[in-house]
Amino acid sequence: MWMTELPPFVPFFIAALLALITRGRTRNLILLATPVLGGLHLWLDVSPGIVSSVSIMEYSLELMRTDRLSLLFGYLFHIATFIAVIFAWHVRDTTQKVSSMLYAGSALGAVFAGDLITLFIFWELLAVSSVFLVWARRSERALRAGMRYLVIQVSSGLLLLAGALLHYDQTGSLSFDYIGLEVPAGFENLGGWLIFLAFGIKCAFPFLHNWLTDAYPEATPTGTVFLSVFTTKVAVYALARGFPGTEILIYIGAAMTCFPIFFAVIENDLRRVLAYSMINQIGFMVCGVGVGTALALNGAVAHAFNDVLFKGLLFMSMGAVLYRAGNTNGSDLGGLYKSMPKTAALCIVGACSISAFPLFSGFVSKSMVMAALIEQGYDYIWIMLLFASAGVFHHAGIKIPYFAFFAKDAGIRTHEAPDNMPIAMSIAAILCLFIGSHPQTLYALLPWEVEYWPYDTTHVLSQLQLLFFSALAFVWLNKQGLYPPELHAINIDAEWLYRKLLPEVANGVYSSSQSVRRRLALSTKTSLKDAAKTISDTRFARLHLATSWPTGSMVFWIAVILGFFLLADVIH
Amino acid sequence: MSASDKKKHLFDDPRHVSLLLRVLYVICALLFVLDFVLHRHTKLAWEELTGFYAIFGFVACVTLVLVATQLRRILKRKEDYYDVDD
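Residues numbered from 1 in each chain as written. Chains lettered and ligands numbered in written order. Predicted model: local features only at pLDDT ≥ 70, side-chain atom pairs only at ≥ 80, totals over all residues.

### Some points on the overall build of chain B
In terms of helices and strands, chain B carries three helices and one strand. Counted from the first residue to the last, chain B has its helices and strands arranged as α-α-α-β. Counting only residues that meet the buried cut, chain B has 15% of its 86 residues in that class. (Helix = DSSP H or I, 4+ residues; strand = E, 2+ residues; numbered from the N terminus. Buried ≥ 20, exposed ≤ 12 C-beta atoms within 10 Å, placed from the backbone.)

### Things to note about the overall build of chain A
Along chain A, the regular secondary structure elements total 21 helices and three strands. Relative to its 572 residues, chain A shows a buried fraction of 53%. Considering only contacts in chain A between residues 6 or more positions apart, those separated by 24 or more positions represent 81%. (Contact = placed C-beta atoms within 7 Å.)

### What to know about the packing of helix α19 (residues 457-479) of chain A against helix α2 (residues 14-37) of chain B
Taken N-terminus to C-terminus, the directions of α19 of chain A and α2 of chain B make an angle of 140°; their axes are 10 Å apart at the nearest point. The angle between α19 of chain A and α2 of chain B falls in the class oblique. Crossing of α19 of chain A against α2 of chain B: the hand is left-handed. Between α19 of chain A and α2 of chain B, the contacting residues are L461, L464, Q465, F468, F469, A471, L472 and V475 of chain A on the first element and L21, L24, I27, C28, L31 and L34 of chain B on the second. Each residue belonging to the contact of α19 of chain A with α2 of chain B can be placed in one class, and the counts come to 13 nonpolar, one polar and no charged. (Axes fitted to C-alpha atoms, helices over the stretch in contact; angles between N-to-C directions. Parallel < 35°, antiparallel > 145°, perpendicular 65-115°, else oblique. Left-handed = near helix turned anticlockwise from the far one by under 90°. Nonpolar A, V, L, I, M, F, W, Y, C, P; charged D, E, K, R; others polar.)

### Let's talk about the interface of chain A and chain B
Taken together, the contacts link 43 residues of chain A with 40 residues of chain B. Taken together, the elements giving at least two residues each to the side of chain A that touches chain B come down to α11 (248-266), α16 (379-405), α19, β3 (490-491) and α20 (496-537) of chain A. In terms of residue count, the dominant contributor to the side of chain A that touches chain B is α19 of chain A (17 residues). Looking at the side of chain A that touches chain B residue by residue, the class counts come to 28 nonpolar, 10 polar and five charged. Pairing geometry for β3 of chain A and strand β1 (residues 76-77) of chain B, over two bridges, is antiparallel. Counterpart to I490 of chain A in the pairing with β1 of chain B is R77 of chain B. (Pairing = 2+ DSSP bridges.)

### As for α2 of chain B
The first and last C-alpha atoms of α2 of chain B sit 35 Å apart over 24 residues, in line with the 34 Å expected at 1.5 Å per residue. Of all 24 residues in α2 of chain B, two are buried, a share of ten percent or less. (Expected span 1.5 Å × (residues − 1).)

### Some words on the nonpolar core
All names here are of chain A. Core analysis: the biggest nonpolar cluster contains 202 residues, and L239, L313, L314 and L385 have the highest contact counts within it. Per-element accounting of this core gives the leading share, 19 residues, to helix α13 (residues 294-325). Looking at which domains feed residues into this core, each of domain 1 (1-213) and domain 2 (244-487) supplies at least three. (Core = buried A, V, L, I, M, F, W, Y, C linked by C-beta atoms within 7 Å. Domains from an automatic or database assignment.)

### Brief notes about unusual backbone geometry
Residues and elements named next belong to chain A. Not every positive phi belongs to a glycine, and E58 is a case in point at roughly 70°. For E58, the position within the fold is in the loop between β1 (51-56) and β2 (59-65). The class for E58 is exposed, based on 5 C-beta atoms found within 10 Å. Not every positive phi belongs to a glycine, and A356 is a case in point at roughly 65°. Judged by the 28 C-beta atoms lying within 10 Å of it, A356 falls in the buried class.

### What about the packing of helix α4 (residues 94-111) of chain A against helix α5 (residues 116-135) of chain A?
Packed helices, taken two at a time, are described by the angle between their axes plus the distance between the axes. Residue and element names in this part refer to chain A. Where α4 contacts α5, the axes come no closer than 8 Å and their chain directions differ by 155°. When the interaxial angle is binned, α4 and α5 end up roughly antiparallel. Read as a crossing pair, α4 and α5 show a hand that is left-handed. Contact with α4, carried on its side by T95, Q96, S99, S100, L102, Y103, S106, A107, G109 and A110, involves L119, F122, W123, L125, L126, S129, S130, F132 and L133 of α5 and no other residues of that element. Split by residue class, the contact of α4 with α5 holds 11 nonpolar, eight polar and no charged.

### Some details on the environment of P11 of chain A
Position of P11 of chain A among the secondary structure elements: in helix α1 (residues 9-21). Sequence separation between P11 of chain A and F196 of chain A is 185 residues, and the spatial gap between their C-alpha atoms is 30 Å.

### Remarks on the pairing of β1 of chain A
Residue and element names in this part refer to chain A. Little of β1 sits inside the fold, with zero of its six residues counted as buried. Here β1 pairs with β2 via six bridges, running antiparallel. Counterpart to S55 in the pairing with β2 is S60. Counting the residues in the hairpin turn of β1 and β2 gives two residues, including M57, whose phi is positive at 50°.

### Quick word on the confidence of the model for chain B
Residue and element names in this part refer to chain B. Chain-level statistics for chain B give a pLDDT mean of 84 and a share of 90% at 70 or above. For chain B, per-element mean pLDDT is lowest for helix α1 (residues 2-6), which scores 50, and highest for helix α3 (residues 52-75), which scores 94. This complex was scored by the predictor with a pTM of 0.90 and an ipTM of 0.90. (pLDDT = per-residue confidence, 0-100.)

### A short note on the environment of M318 of chain A
Residue and element names in this part refer to chain A. Within the secondary structure, M318 sits in helix α13. On the basis of neighbour count, M318 is assigned to the buried category, with 27 C-beta atoms found within 10 Å. Separated by 94 residues in the primary sequence, M318 and T224 place their C-alpha atoms 9.7 Å from one another. Those residues in contact with M318 that lie beyond four places of it in its chain are L270, R271, L274 and T328.

### Looking at helix α21 (residues 551-571) of chain A
Because the α-helix completes a turn every 3.6 residues, residues three or four places apart line up on one side. For α21 of chain A, spanning 21 residues, the distance from its first C-alpha to its last is 30 Å, which sits close to the expected 30 Å at 1.5 Å a residue. Counting buried positions along α21 of chain A gives zero out of 21 residues, so the element sits mostly on the surface.

### Things to note about the environment of A506 of chain A
All names here are of chain A. Along the polypeptide, A506 turns up in helix α20. Judged by the 10 C-beta atoms lying within 10 Å of it, A506 is exposed. Residues A506 and E416, spaced 90 residues apart in sequence, show a C-alpha to C-alpha distance of 48 Å.

Quick look at the structure:
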């Protein structure tokens, strides 16, 4: 079609430019054609092993480097963009159209980046282009959440840049390959740690995760769908390339699978529930990267692939609900299956996929990570992930569809979402089912060579038992009245540190410094007054030397002096 | 509007809800019984326990919800909690 060395982000940036100057159907067709043509080109013409770079001021930026790992994410991002563009077909807002293309292009740029500087450039572009999808909601809350998101994302980029430079200083290389934390040991390897932290922020490591739960639910109905695809998956890709087999990732990943599910159970905003559930799913991937065997790494990237589809599907269904019902609060919704049956059914497909029901996509990838953990002897981590698996079903698999579409009838009578939305969701749902029932198709694309087959009696039976008894627990808890009701409330999280504590401390410091300043000013004023009074009481006061002179008299005396000099000059 | 209001929907009838629940109970019972019939290839000692996955799933979810309910007491704030000082 076109030259194989053309970096995949280029068509997307051109499409973003065209989206600025075109409108309506023409623009939509351009945006739809971009991932289709780009994806076909990548699939048919581009093979692993291509390297192409450009030189800027004697520095060579490796804009394209293909191998099976980067190609897999490349295919994924094209498919996801295709689906998201259809989902956003009805949107007329130029800001969103342009920024979503720039954002998708930046993700492709990052994934195909061969060196750390190129990665840094696209890392920052991801941040800057995506924030407009939050701001496009055009509310005060979204503006503020977007600002916080931007600060955190840009900081991640700065850490990456600093880390890259230190890494260069140490190793003499900027190529984006295995980085690791081991050599040299400890904080001698500051560069590696900084890069690790930069990836960790975008990956939503514990305590660094609140940008995700803060900003994603504030974005536009369609914007969140784009957001859910790219940033975190680029980060997972980066970890898989830079830090495979880094043991600390296993523990970080296990923590990520477990803690968000508690928040998800008591969260009211269903899109925020999905944001927490996203951290939980990334936890499985991070765990897989940490284990670092071929099976685990394949599991991690396969799960990233599947997560984009089923999490995208769930975010789309909640986007459709937001679009029609005006909110996604569990407390205000219910009974929507009556007006939005298609959305409800498609949401359930997404819910089954994320819960890893056999024949749905989550099952065929999550099980790889679990199997790898047992293989390597991480029994307790495996138990944590098993707990998280039951928890996923509980909060994402049951809670999301139940409170939005069933539960009590909230009396909302609306229409089914506009046609483009169910079409986009159907494509995602079909892919979820296809991958779940034909896992060999996905396995054939995976970067590492390994034999694995998820469907055996043991595995199917144990997973079904786990899930159905989790469902039973949900029913039982509801019947007993033990299930926490959906409430209009928020729950504080690590973000409390910078959204509450830090501002309060800063306010405290400011107001106490203000009162110190006031007191200081007052005491200076009184002592000056006292001094003035003392002087005015002396004999000098009579000579008008100690009183304050008006500016007018000063001007007068200067005029007198100047006049004197002029006169003297004339006479001379 | 009024037409769709009057229309009877699937779960408006409580019999349908209880039918669904009964189906769930039967499936659960069947799955538990299958543990005696089929042999699971176990790799860990825990797994050998009959009904391990079933019991684990139930207990995990109940624990999750009960702990989360307690956590809510500590973590819950008003919706405008972060907006107050703005």
